[in-house]
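For reference, the chains in residue letters:
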Amino acid sequence: MKRKINYYKNIYFMYAISFFDGLILAYVIERLFWAERGMNVTMVVATEIIYAITTIVLEVPSGVLADKFGRKKLLLIGAFLSLLEMTIIYYAHSFFAFGFAVFLAGINNAFRSGAKEALIYDSLQEAKKEAGFEGVYGRVNAIDTIGATIAALSGGVLAYYFGLEINYVVSIFSKAIAFILVIFIKEPSRKILEIDNNNTSFKIYIKEGIKFFKNNKVIFNYCMIGCFLSACWSYIDEFWQLLAVQINVPIFLFGVISISYSVFTVPGNLLADKLKKIISYSKFFKLTPFVFALGFILIGISKSYWMFTPLMFLGIWNGILTPLLEGCIHHNTDSSIRATVESLLSLLMRLFAIGVGLLFSIFANKNILLGYLSLGVLCLIYGLQNLVFKRKIR
């Protein structure tokens, strides 16, 4: 008799993998370490461009690969490349070495995008527990944040007493554990597109993914709202230091702020599953642009430590938004194109980030508070037009 596989074990492995993926002490001293190895600001910016281009180019093809050949394969390759990236940086002393490592990081990010979420949902579906996806996905994100918080708290201390290289040694060890854990994941079953005599091309997967959004206009509307607001939130992540300088926060408190605004997302991640039982998707996605608008406007008009109150609330709400958006997608997507749809969503989010960033930079260059005020006004306009012009969401 064939032994029944317990696919829910995959969820526990994903919790552990998320923790060790977040436990990267190297990020705390990354720029100092790179500068020590001869990387100036221009070189660092060049590597960021390499990363962005690699990720955008491979975003959708990686989703197709995950649907066509399996989610575990993509996660395993990505985890190996992540381990290799960290190892190369540890030994790097030239722009070429750092650039190649960042190129591998871009591939890893693209390979994980779509495959991770699809594997989580497929595993829950095999265990007949897919209704709890939002809660599981929220916990995965929360555990990643906890790992990153521990890394942030310990990374500076460890580097101070033992030198910068020790942070990369610990990070390599953490990446190695994450890679080993991926090996133990069991690939859940999934539907496979069988067109043209079982030789389904990449083009068909992408066509089916786009068709999903065309046939599900309500879900596409949710995705547009989620991508737009996530793009706005990303500029908190990028420029909170300038906000802190604007209100004269001492530099020695920057570490506390860096940890705190990330930790704010944890309660939201954990509350998402509970909230969906209280408020409908329709009401949540109609309300959220106005929540973000209020938060950004309060940040923009605050000139004191009080700005951290709306910042904290936005962090919590963003922590709720991500699992609910993912749940909305995966509850309604066929497993044959689940990773492709996820990758299309990720690509859409990156395009939104570029558009929002252009507007943000125009005002932020004059004054950082004005930049966040502009985001608030933009969210308000988006929320209003969504109510007025979009078809009533049922």
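Keep in mind that what you see is a predicted model, and the values were worked out from it rather than measured. (Residues numbered from 1 in each chain as written. Predicted model: local features only at pLDDT ≥ 70, side-chain atom pairs only at ≥ 80, totals over all residues. Heavy atoms only, no water.)

(A) Quick peek at a nonpolar patch on the surface. A contiguous nonpolar surface patch, about 470 Å² in accessible area, is contributed by V41, V45, I49, I53 and V57. Relative to the helices and strands, I53 resides in helix 3 (residues 41-69). (Patch = residues over 30% accessible without salt bridge, like charges linked within 9 Å, V, L, I, M, F, W, Y side chains within 5 Å. Areas by Shrake-Rupley, 256 points an atom, 1.4 Å probe, with all protein chains shown as cover. Salt bridge = Lys/Arg side-chain N within 4 Å of Asp/Glu carboxyl O. Helix = DSSP H or I, 4+ residues; strand = E, 2+ residues; numbered from the N terminus.)

(B) Quick look at the state of the cysteines. Scanning the entire structure with this criterion turns up zero disulfides. Looking at C227, it has no disulfide partner, and the nearest cysteine sulfur is the one in C223, 6.1 Å off. C328 takes part in no disulfide bond, and the closest cysteine sulfur, belonging to C223, lies 6.2 Å away. By relative accessible area, which is 3% here, C328 ends up buried. (Disulfide = S-S within 2.5 Å. Buried < 20%, exposed > 50% of the residue type's maximum accessible area, 1.4 Å probe, protein only.)

(C) Main features of the environment of Y51. Take Y51: it is sitting in helix 3. Of the residues examined, Y51 reaches a relative accessible area of 26% and is grouped as partly exposed. Taking C-alpha positions, Y51 is 9.2 Å from N109, a pair spaced 58 residues apart along the chain. For Y51, the residues in contact, after removing those within four places along its chain, are V102, A105, G106 and N109. (Contact = heavy atoms within 4.5 Å.)

(D) Inspection of the packing of aromatic side chains at higher detail. Taken as a whole, this structure holds 27 aromatic pairs when the rule is applied. Summarising the aromatic geometry, the rings of Y160 and Y161 are spaced 5.0 Å apart at their centres and angled 90° between planes, so their arrangement reads as edge-to-face. For the pair Y160 and Y161, one class covers both residues: exposed. Positioned above the aromatic ring of Y8, the side-chain terminus of K129 is 4.5 Å from the ring centre. (Phe/Tyr/Trp six-rings, centres within 6.5 Å; stacked < 30°, edge-to-face > 60°. Lys NZ or Arg CZ within 6 Å of the ring centre and 35° of its normal.)

(E) The arrangement of the side chain of E59 in detail. Note that E59 resides in helix 3. Beyond its immediate chain neighbours, meaning those up to four positions away, E59 contacts A110, S113, S343, S346, L347 and R350.

(F) Up close: the nonpolar core. Core analysis: the largest hydrophobic core is formed by 58 residues, its most contacted members being F292, F296 and Y372. Residue assignment for this core shows that the elements contributing at least two residues are helix 3, helix 8 (202-215), helix 9 (217-246), helix 11 (265-275), helix 12 (281-301), helix 13 (308-330), helix 14 (338-364) and helix 15 (368-389). With 16 residues, the top contributor of residues to this core is helix 9. When neighbours within four sequence positions are excluded, F292 is seen to be in contact with L229, W233, L314, W317, N318, L321 and C379. I11, V44, A118 and V140 belong to the second-largest nonpolar core, a separate cluster that totals 49 residues. (Core = buried A, V, L, I, M, F, W, Y, C linked by side-chain atoms within 4.5 Å.)

(G) Just the packing of helix 6 (residues 133-162) against helix 11, in detail. At their nearest, the axes of helix 6 and helix 11 sit 7 Å apart, and the two run at 165° to each other. Considered as vectors, helix 6 and helix 11 are oriented roughly antiparallel to each other. Handedness of the helix 6/helix 11 crossing: left-handed. Contacts between helix 6 and helix 11 pair E134, G135, G138, R139, N141, A142 and T145 from the former with T265, V266, N269, L270 and D273 from the latter. Grouping the amino acids of the contact of helix 6 with helix 11 by side-chain chemistry returns three nonpolar, six polar and three charged. (Axes fitted to C-alpha atoms, helices over the stretch in contact; angles between N-to-C directions. Parallel < 35°, antiparallel > 145°, perpendicular 65-115°, else oblique. Left-handed = near helix turned anticlockwise from the far one by under 90°. Nonpolar A, V, L, I, M, F, W, Y, C, P; charged D, E, K, R; others polar.)

(H) Molecular detail of unusual backbone geometry. Positive phi is not limited to glycine here, since K128 has a value of about 60°. Along the chain, K128 falls in the loop between helix 5 (95-126) and helix 6. K128 sits in the exposed class, given a relative accessible area of 71%.

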